[in-house]
There are 2 protein chains.
Amino acid sequence: MKHSDEPSAAAKLVATDRTRLRRAREKERTARADLDSVLAAGFVCHLGVVVDDAPMVVPTGYGVIGDTLYLHGSVASRSLVQAPESVVCVTITHVDGIVLARSMFEQSINYRSAMIYGIPRTVEDPEEKLAGLRALTEQCAPGQWEYARQPNRKELAATTLLALGLAEASVKVRTGPPGDGDSPDAVLGLWAGVVPTSVVRGAPVPDPALPSDVRLPSHISSMSGKPAHHVDR
Amino acid sequence: MKHSDEPSAAAKLVATDRTRLRRAREKERTARADLDSVLAAGFVCHLGVVVDDAPMVVPTGYGVIGDTLYLHGSVASRSLVQAPESVVCVTITHVDGIVLARSMFEQSINYRSAMIYGIPRTVEDPEEKLAGLRALTEQCAPGQWEYARQPNRKELAATTLLALGLAEASVKVRTGPPGDGDSPDAVLGLWAGVVPTSVVRGAPVPDPALPSDVRLPSHISSMSGKPAHHVDR
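What you see is a predicted model; the values in this text were computed from it and never measured. (Residues numbered from 1 in each chain as written. Chains lettered and ligands numbered in written order. Predicted model: local features only at pLDDT ≥ 70, side-chain atom pairs only at ≥ 80, totals over all residues. Heavy atoms only, no water.)

(A) Examining the relation of the copies chain A and chain B more closely. Laying chain A over chain B is done by rotating through 180 degrees and shifting 0.0 Å along the axis; what remains is an RMSD of 0.0 Å. The transformation relating the two chain copies, once decomposed into turn and shift, fits a two-fold axis. Among all C-alpha atoms of chain A, that of A:Val199 lies closest to the rotation axis, at 2.2 Å. With an isologous cut-off of 70% or more, the 100% of interface residues of chain A that recur at the interface of chain B puts this contact in the isologous class. (Least-squares fit on C-alpha atoms with pLDDT ≥ 70 in both. Contact = heavy atoms within 4.5 Å.)

This is the structure we're talking about:
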């Protein structure tokens, strides 16, 4: 198994006909660092595949190693195993706020979103599979991979993991106040601004089956009680 | 314009080959009330369409009136205007927690997710368009439609709105502790449980362009400082 080196954060994303934005170009971000930032802020993506000529969009977990996105098995990925060489679209979205404008026409949502296109491959090599699954775990629960029992051969074989290159990607971000602060509507005297939204993690809830003498490990206590995702505003 | 009556919450969702779950049937929910609950808990969906034989998944805002889902215009919906009679898939996902098990194989995510399939129509009737846009606003900011300036004829014409029936839908929910509480791994003495995640709304951030004497209306102050989404645990 060979992993690519970490990509340069200053590298530019390559625009294709699919990823180039057709409108709202001011929302476009073109640096690889912008993609990395959206990827780092979450752990669930929406995977889109074509099944019997219809789109199918399913949520699934992901992780990142270098230039490769790893996706956990799902109904959609099993469809891909049956139809290899099919293009997929993976979209990751973070909702950052409700943008309340003077006019309904300018009402909007602050968000960061990444779309990645490509032909995924099913990961077969056990070593790469372990590394990919570890990346998925690190994405939402750093430290858990070392703490919990790692997959045995049978479990590994029962897990579907997809690998998708990050080469064809686009990032779109809307941030800041509504767009009608200097419009004729500004004289209406209406309140305008943003109600921020963010994802927070609560206190860990022990499994009722857990003996009372099992201590909460520090990597789990430190995951909680703080915002789960870094949000720039 | 005719809106269907409110559907019965006890009504059953109709399973088709596309919506019937192929695995993890215990996660399936089949009542219309389960779909309504997932729809009510958010305001952003992922719309999947097929463009040039490839899937395209874009986040967009939605609202609900009776048996119809209204979707705000986007690159994807413009693609649909060019290719009418195409099936789309709309997925709405709420992430409720990170499920930490004794084994990596049982690690999971608590979530509620709905998938809706259908052939959408572009809303042309101005009266239905206004009602649909109002539903979109009510979905994330109740009261704002009456407060802000409503769309004029030109703005309404410049807005793309899609309508999608809720007839073909499936709901999947994972909730509760990890699944290995009574497995041989339970003797490992490892902590297991759930780190809950939820979406919260922060204090409203006024537009810097706002004169200081504009008061925050109560429908906006009451939106904030409390969890945005109802979460069952």
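(B) Representation of the pairing of strand β6 (residues 108-118) of chain B. Residues and elements named next belong to chain B. Most of β6 is tucked away: eleven of the eleven residues are buried. Alternating residues of β6 divide into Ser108, Asn110, Arg112, Ala114, Ile116 and Gly118 and Ile109, Tyr111, Ser113, Met115 and Tyr117, and every residue in both groups is buried. When strand β5 (residues 88-100) meets β6, the two strands line up antiparallel, connected through eleven bridges. Counterpart to Ile98 in the pairing with β6 is Ile109. Alignment of β6 against strand β9 (residues 168-174), held across seven bridges, turns out to be antiparallel. Bridging from a neighbouring strand, Ser113 pairs with Lys172 of β9. (Buried < 20%, exposed > 50% of the residue type's maximum accessible area, 1.4 Å probe, protein only. Helix = DSSP H or I, 4+ residues; strand = E, 2+ residues; numbered from the N terminus. Pairing = 2+ DSSP bridges.)

(C) Structural view of the interface of chain A and chain B. Across the boundary between the two partners, chain A contributes 85 residues, which contact 85 residues of chain B. Where chain A abuts chain B, roughly 6,800 Å² becomes buried across the two surfaces, and 69% of that area is made up of carbon and sulfur atoms. Of all residues in chain A, the largest losses of buried area upon contact with chain B belong to A:Pro55, A:Met104 and A:Trp191, amounting jointly to 12% of the total for that side. Viewed at the interface, chain B and chain A are joined by four salt bridges. One salt bridge in this structure joins A:Asp185 and B:Arg149, with 2.8 Å as the shortest N-O distance. (Buried area = accessible area lost by both parts, 1.4 Å probe. Salt bridge = Lys/Arg side-chain N within 4 Å of Asp/Glu carboxyl O.)

(D) Representation of the pattern of salt bridges in the model. According to the stated counting rule, one finds 18 salt bridges over all chains in the structure shown. Its salt-bridge partner being B:Asp207, residue A:Arg102 comes within 2.8 Å of it at the nearest N-O pair. Taken as a pair, A:Arg102 in the loop between β5 (88-100) and β6 (108-118) and B:Asp207 in the loop between β11 (205-206) and α6 (218-221) lie in two separate chains rather than in one. With respect to burial, A:Arg102 and B:Asp207 carry one shared label: buried. Where salt bridges share partners, they join A:Arg32, A:Asp36 and A:Asp67 into one cluster.

(E) Representation of a negative patch on the surface. A surface patch of like charges, here negative, comprises A:Asp52, A:Asp53, B:Asp52 and B:Asp53. Here A:Asp52 shows up in the loop between β2 (44-51) and β3 (54-65). (Patch = residues over 30% accessible without salt bridge, like charges linked within 9 Å, V, L, I, M, F, W, Y side chains within 5 Å. Areas by Shrake-Rupley, 256 points an atom, 1.4 Å probe, with all protein chains shown as cover. Lys, Arg positive; Asp, Glu negative; His and termini not counted. Charge placed at Lys NZ, Arg CZ, Asp CG, Glu CD.)

(F) Expanded view of the nonpolar core. Within the largest apolar cluster, 58 residues are counted, with the highest numbers of intra-cluster contacts made by A:Val90, A:Ile116, B:Val90 and B:Ile116. The residues contacting B:Val90, other than those within four sequence positions of it, are B:Cys45, B:His46, B:Leu47, B:Leu69, B:Leu71, B:Ala114, B:Met115, B:Ile116 and B:Leu164. (Core = buried A, V, L, I, M, F, W, Y, C linked by side-chain atoms within 4.5 Å.)

(G) Structural context of helix α3 (residues 126-140) of chain A. The end-to-end C-alpha distance of α3(A), which contains 15 residues, comes to 22 Å, matching closely the 21 Å that a straight helix rising 1.5 Å per residue would cover. Looking at α3(A), one finds that the buried residues are A:Glu128, A:Lys129, A:Ala131, A:Gly132, A:Leu133, A:Ala135, A:Leu136, A:Thr137, A:Gln139 and A:Cys140. (Expected span 1.5 Å × (residues − 1).)

(H) Main features of the environment of A:Lys129. All names here are of chain A. Locating Lys129 in the fold gives a position in helix α3. As for Lys129 and Leu161, which are separated by 32 residues in sequence, their C-alpha atoms are 6.8 Å apart. Side-chain polar atoms of Lys129 contact the backbone oxygen of Thr159, separated by 2.7 Å. (Polar contact = N/O pair within 3.5 Å; in protein donor to acceptor, adjacent residues only side chain to side chain.)

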